[in-house]
Amino acid sequence: MNRSLFDLARKLKLEKASREFRDFREAHGYTAARRLMDEVFADFPDVDHSFVREFQTAGFSARVLELALFAALREQGKELDRTSPAPDFVVRGDAPVAIEATTTNPPQGEPAEDVDIASAVRRLIPDDLEAAEAEFVFQIGKALRRKLDHRDAQGHAYWEKPHVEGVPFVLAVQSFHNPSALFHTTGPLSTYLYGIRDVPTRDRHGSLVLNSQIVTEHRRKDKTIPSGLFAQPEAEHLAAVIFTNSATVSKFSRMGTERGYGPEDVAVARCGAMYDPDPDAALPVPFGYVVGDYGLEEHETFSEGFHVLHNPWARTPLAAGALDGFTDHRLQPDGRLLTTIRHPDYFVSQTMIIQGGKAALPTARLRVQQYLADDAGRR
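For the structure given in this document, a descriptive report is provided here.

What counts and what doesn't
Residues numbered from 1 in each chain as written. Predicted model: local features only at pLDDT ≥ 70, side-chain atom pairs only at ≥ 80, totals over all residues. Heavy atoms only, no water. Core = buried A, V, L, I, M, F, W, Y, C linked by side-chain atoms within 4.5 Å. Buried < 20%, exposed > 50% of the residue type's maximum accessible area, 1.4 Å probe, protein only. Helix = DSSP H or I, 4+ residues; strand = E, 2+ residues; numbered from the N terminus. Contact = heavy atoms within 4.5 Å. 1 Å grid on protein atoms, 1.4 Å probe; cavity = no way out; pocket = protein on both sides within 12 Å on 5 of 7 lines; lining within 4 Å. Points joined across faces, edges and corners; volume = space filled by probe spheres on them. Nonpolar A, V, L, I, M, F, W, Y, C, P; charged D, E, K, R; others polar. Pairing = 2+ DSSP bridges. Axes fitted to C-alpha atoms, helices over the stretch in contact; angles between N-to-C directions. Patch = residues over 30% accessible without salt bridge, like charges linked within 9 Å, V, L, I, M, F, W, Y side chains within 5 Å. Areas by Shrake-Rupley, 256 points an atom, 1.4 Å probe, with all protein chains shown as cover. Salt bridge = Lys/Arg side-chain N within 4 Å of Asp/Glu carboxyl O. Lys, Arg positive; Asp, Glu negative; His and termini not counted. Charge placed at Lys NZ, Arg CZ, Asp CG, Glu CD.

Side note on the nonpolar core
Within soluble globular proteins, side chains that are nonpolar tend to cluster in buried spots. Met-37, Phe-55, Ile-99 and Phe-252 are the most contacted members of the largest nonpolar core, which totals 50 residues. In terms of residues, this core owes the most to one element, helix H5 (residues 60-75), which gives 10 residues. Setting aside residues up to four positions removed in sequence, Phe-55 forms contacts with Leu-5, Phe-6, Phe-21, Phe-24, Met-37, Phe-60, Arg-63 and Val-64. The next biggest cluster of nonpolar side chains, apart from the first, holds 31 residues, and it includes Leu-144, Tyr-194, Leu-229 and Ala-235.

A few points about unusual backbone geometry
The omega torsion across Ala-86 and Pro-87 is -5°, close enough to zero to call that bond cis. When you line up the elements, Pro-87 lands in the loop between strand S1 (79-81) and strand S2 (89-92). We note that His-49 has phi near 55°; this positive angle belongs to a residue other than glycine. Topologically, His-49 is positioned in the loop between helix H3 (31-41) and helix H4 (51-56). Residue classification places His-49 among the exposed residues on the basis of a relative accessible area of 69%. Of note, Lys-221 is a non-glycine position whose phi angle comes to about 55°, a positive value.

Description of empty space enclosed by the protein
In this approach, a probe sized like a water molecule rolls over the atoms, and the result shows the empty space that is left. Summed over all chains, the structure comprises 1 cavity of 30 Å³ or more. Of the pockets and cavities examined, the largest cavity occupies roughly 50 Å³. In terms of lining residues, the largest cavity is bounded by Thr-185, Thr-186, Phe-243, Thr-244, Asn-245, Gly-305, His-307, Tyr-346 and Phe-347. Split into classes, the residues belonging to the lining of the largest cavity amount to 3 nonpolar, 6 polar and no charged.

Digging into the sheet that holds strand S11 (residues 285-290)
The strand order across the open sheet formed by 3 strands is S11-S10-S15, and the pairing between neighbours is antiparallel. The open sheet is flanked by S11 and strand S15 (346-355), the only strands paired with a single partner. Neighbour to neighbour, the strand axes of the sheet diverge by 15° on average, direction disregarded. Two elements, strand S10 (residues 266-274) and S11, share 6 bridges in a ladder whose sense is antiparallel. The partner of Ala-273 across the bridge, within S11, is Pro-286.

Digging into a positive patch on the surface
A surface patch of like charges, here positive, comprises Lys-142, Arg-146, Lys-221 and Lys-223. Inspection of the secondary structure puts Arg-146 in helix H7 (residues 129-149). On the accessibility criterion, Arg-146 (40% relative accessible area) is partly exposed.

Keep in mind that these numbers describe shape and distance, not what the molecule does.
Structure follows, in structure tokens:
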């Protein structure tokens, strides 16, 4: 099937497209991402025939999430049933699961900022971390509850539809409510879902000790919402939440560059923080690399960056191995979260796309060296 996401001439008038889409479509530096997106979309069943229109207008980020999730499930060899438009994905086979994707969005009545992609990347770190985390929890909670409350014209919830009845229901979510929303990881989300927070301390030997602290509510300015969504009655049919902060154009840029889809005068670097396997580590470790400067066995996958947080109180739980390519989070009887990591676990990262002919690659390597040196200096 030969379909392109970027043929605006046939799909809609240019002035109706979002600036985010226009910048992405025209930028030389995103050539690799566009080619990989076209490749994935060629096999994507657009059941309700709205994907291309929404991708080019207000739904750009949400459709990127959907495309990356589709690619990740296909990468894992899942048998996908896309005969119905809702839920978004139904996995058949020995471990079935129904997945509906959603995103956090700017508050109602406040349109998304009309900024270019590069500006959004530069604003990754929030100015006020505490306030930003509170907003993140409120926005995630609103997005999840909106889907749990949704009913179709026949009065069916997602899990009540005839073609998925009895199949574990999962919500996939990513945050786009402001340019800094992608900074947040699974930490505040797990606190909201399970109603507990890990409090790190050190014993007399200096070893890390994590204690679970019960959280009953989340506060933002003068508003509060209850914590522990998974334990609440309205979530009894929610088997798990899939979360990611990396299903973005940057992932497609990196993976497309790895596959040789980018021009020779463009280099891609990635820097950020990743999981530290040291059991006594309380902080992530910095990392940085230039895409392509490592062995073939270390190629990035679509599944990398997706996390599954299981609901221990779900009426229809998710079977073990149902989403085996994602990082797994399960609540243990002692109130601690057990996390199973099957691949590099990057908490947060920034992707730098560098143009400049033959100087692009050495410039990218220098940027990575500077980032790691600066981080070492801060520590």
